[in-house]
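Residue-level structure breakdown
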Amino acid sequence: MSINTNKDYIKEVTIREVETKTILRKFKKIESWFLTSYGMNLYRGCLHNCVYCDGRAEKYQVDGKFGEDVVVKTNALNVLERELDPSRKRTPFRKGYIGVGGGVGDSYQSVEEKYLLTRKTLELLYKKKFPVHILTKSTLVKRDIDIIKKINKKSRAIVSFSFSSVDDAISKIFEPGVPVPSERLEVISLLKKEGIAVGMYLMPVIPFITDTREKIEETVKNASEVGIDFIIFGGMTLKKGRQKEYFMDVLKQQYPDLLIKYQNIYSNNKWGSPSGEYYNSLNQLFHTIAKVYHMPVRIPLFLFQDILSENDLVVVLLEHIDYLSKLQGKRSPYGYAAYSISQIKKPLSDLKFHLREIKGVGRVTEKIILEILVTGTSTYYETLMR
Ligand code: SF4
């Protein structure tokens, strides 16, 4: 079979239908980048075949030829319906968005046109009144605007797109199966006109190709013009093995002059991250540009303040403060405190007089937490977000 959401990219693909035992993945703590405590992969493997995709790395155990083989979990809806049934759960569902997409397969890759698993999942989440955060690179999401609007009205929806830049020519090399960025931006305009919040995950920025001041500025400017609500930035990891080998082969063909530069910043660490020095300067550059365009670099509070439990609200705000303080070169105790709080089951308002007993919570953090518990926000956080 030959299909893809980018109609110019034709590749023979193999589709395997399987029955799954589970769909919903519960995270150890709320993900403050996405505001999700649960996520799911309706498909395994991704026909978008992005050259840098870390789903190719061995640790994710995606069988077959990545980019050409995809597994469809045909009974996903029945399993999800069962998993979402509150009478079957010993502990209630955590509040927050349910993540649809990301992981090791785009929920709007071309097979979705035939199987409709994502659409049916959204219909179910609407019925069950869950807020939804969709992450995709595909314009196929346009098909589901009707149901996304209904979710947004009832319980709220965010649709986020990932980009490595807004350069169509570069995207054709590194994201061969995906609609080009200009088409993604058109769909974003459409979603915004329908009153739906839209985020951009500017990740991965590709070293020495999409990481220049001009390219990042062009992306942030375009995002701002179509009314994007926030941009979250991230660098590119290259894990040793299948992911790195595949990427380096393409780099060798398309940008042979860059090979040495890549060897200098990717030294095969366990996570495949580039050197800290390179990443920090890039993060600073992004942040400077985002400031010029008044672009929030974390999901803004109005999209989650009334959705999360008080503990998760504190965790997310402390993690956002942690990120923003570190960007300013400050030492930050907030990440550690956030992690400790994420492991506490009791509501923080019951522990108001014992906050300092929580690991990582000192006098200043205690003050911030108390303010969040009373007002739902923190003046320090708001200053940093400005
Ligand atoms: S769309 Fe996402 S999951 Fe699919 S290949 Fe690209 S990076 Fe990987």
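Just so it is clear, the structure is predicted and the values come from calculations on it, not from any experiment. (Residues numbered from 1 in each chain as written. Predicted model: local features only at pLDDT ≥ 70, side-chain atom pairs only at ≥ 80, totals over all residues. Heavy atoms only, no water.)

**Looking at the site of the ligand**
Lining the immediate surroundings of the ligand are Cys46, His48, Asn49, Cys50, Cys53, Gly105, Asp106 and Lys137. For the shell around the ligand, a count of residues per class yields three nonpolar, three polar and two charged. (Near = heavy atom within 4 Å. Nonpolar A, V, L, I, M, F, W, Y, C, P; charged D, E, K, R; others polar.)

**Some thoughts on the sheet that holds strand E1 (residues 14-18)**
Strand order in this open sheet of three strands is E1-E5-E4, and the pairing throughout is mixed. With one partner strand each, in any of the chains shown, E1 and strand E4 (43-44) form the two edges of the open sheet. Relative to strand E5 (residues 69-73), E1 runs parallel, the two being bridged by five bridges. Bridge pairing in E5 places Thr14 opposite Asp69. (Pairing = 2+ DSSP bridges. Helix = DSSP H or I, 4+ residues; strand = E, 2+ residues; numbered from the N terminus.)

**Structural notes on the sheet that holds strand E2 (residues 25-31)**
The strand order across the open sheet formed by seven strands is E2-E3-E6-E7-E8-E9-E10, and the pairing between neighbours is mixed. Looking at the sheet topology across the chains shown, the edges are occupied by E2 and strand E10 (230-233). Neighbour-to-neighbour, the strand axes of the sheet open up by a mean angle of 25 degrees, direction not taken into account. When strand E7 (residues 132-136) meets strand E8 (residues 157-163), the two strands line up parallel, connected through five bridges. In the sheet register, Thr136 faces E8, and the bridge partner there is Phe161. Lying over the sheet, helix H4 (residues 145-154) contacts E7 and E8, oriented at roughly 125 degrees with respect to E8. (Axes fitted to C-alpha atoms, helices over the stretch in contact; angles between N-to-C directions. Contact = heavy atoms within 4.5 Å.)

**A word on the pairing of E5**
By the criterion of burial, E5 is predominantly enclosed, with four of the five residues buried. Across two bridges, E4 lies against E5 in antiparallel orientation. By the bridge assignment for E5, Arg44 is matched with Val71. (Buried < 20%, exposed > 50% of the residue type's maximum accessible area, 1.4 Å probe, protein only.)

**Describing the packing of aromatic side chains**
If you walk through the whole model with that rule in mind, you get 13 aromatic pairs. Taken together, a centroid distance of 5.8 Å and an interplanar angle of 20 degrees make the contact between Tyr262 and Tyr266 stacked. Judged by centre distance (6.3 Å) and plane angle (55 degrees), the ring pair of Tyr334 and Tyr380 falls under tilted. Residue Tyr334 is located in helix H12 (residues 334-342), and its partner Tyr380 is located in helix H14 (residues 379-385); the two are separated by 46 residues in the primary sequence. Taken together through their ring pairs, the aromatic side chains of Phe174, Phe208, Phe247, Tyr255, Tyr262, Tyr266 and Tyr278 make up a single cluster. Across from the ring centre of Tyr246, 3.8 Å away, lies the NZ or CZ of Arg56, which sits over that ring. The lysine or arginine in question, Lys154, covers the ring of Tyr126, its NZ or CZ lying 3.9 Å from the ring centre. (Phe/Tyr/Trp six-rings, centres within 6.5 Å; stacked < 30°, edge-to-face > 60°. Lys NZ or Arg CZ within 6 Å of the ring centre and 35° of its normal.)

**A short note on the packing of H12 against helix H13 (residues 363-375)**
Between H12 and H13, whose axes approach to 11 Å, the crossing angle comes to 55 degrees. Between H12 and H13, the angle is such that the two are oblique. Judged by the sense of rotation from one axis to the other, the crossing of H12 with H13 is right-handed. Residues Tyr334, Ala337 and Ile341 of H12 pack against Val364, Thr365, Ile368 and Ile369 of H13. Among the residues making up the contact of H12 with H13, the classes are represented as six nonpolar, one polar and no charged. (Parallel < 35°, antiparallel > 145°, perpendicular 65-115°, else oblique. Left-handed = near helix turned anticlockwise from the far one by under 90°.)

**Observations concerning unusual backbone geometry**
Along the chain, Met203 connects to Pro204 via a cis peptide bond; the corresponding omega equals 0 degrees. Tracing the chain through its elements places Pro204 in the loop between strand E9 (197-202) and helix H7 (213-225). Backbone geometry places Gln61, a non-glycine residue, at a positive phi of 50 degrees. Mapped onto the elements, Gln61 comes out in the loop between E4 and E5. Of the residues examined, Gln61 reaches a relative accessible area of 61% and is grouped as exposed. The phi torsion at Arg156 lies on the positive side, around 95 degrees, for a residue other than glycine. With respect to the helices and strands, Arg156 occurs in the loop between H4 and E8.

**Brief notes about the side chain of Gln243**
Mapping Gln243 onto the fold places it in helix H8 (residues 242-254). Since its relative accessible area comes to 0%, Gln243 is described here as buried. A distance of 2.7 Å separates a polar side-chain atom of Gln243 from the backbone nitrogen of Lys239. Ignoring any residue separated from it by four or fewer positions in sequence, one finds Gln243 in contact with Tyr52, Cys53, Asp54, Arg56, Ala57, Thr237 and Leu238. (Polar contact = N/O pair within 3.5 Å; in protein donor to acceptor, adjacent residues only side chain to side chain.)

**What to know about helix H3 (residues 117-127)**
Within H3, the full set of buried residues consists of Leu117, Thr118, Arg119, Thr121, Leu122, Leu124 and Leu125. Once H3 ends, the next one or two residues include Lys129, with phi positive near 65 degrees.

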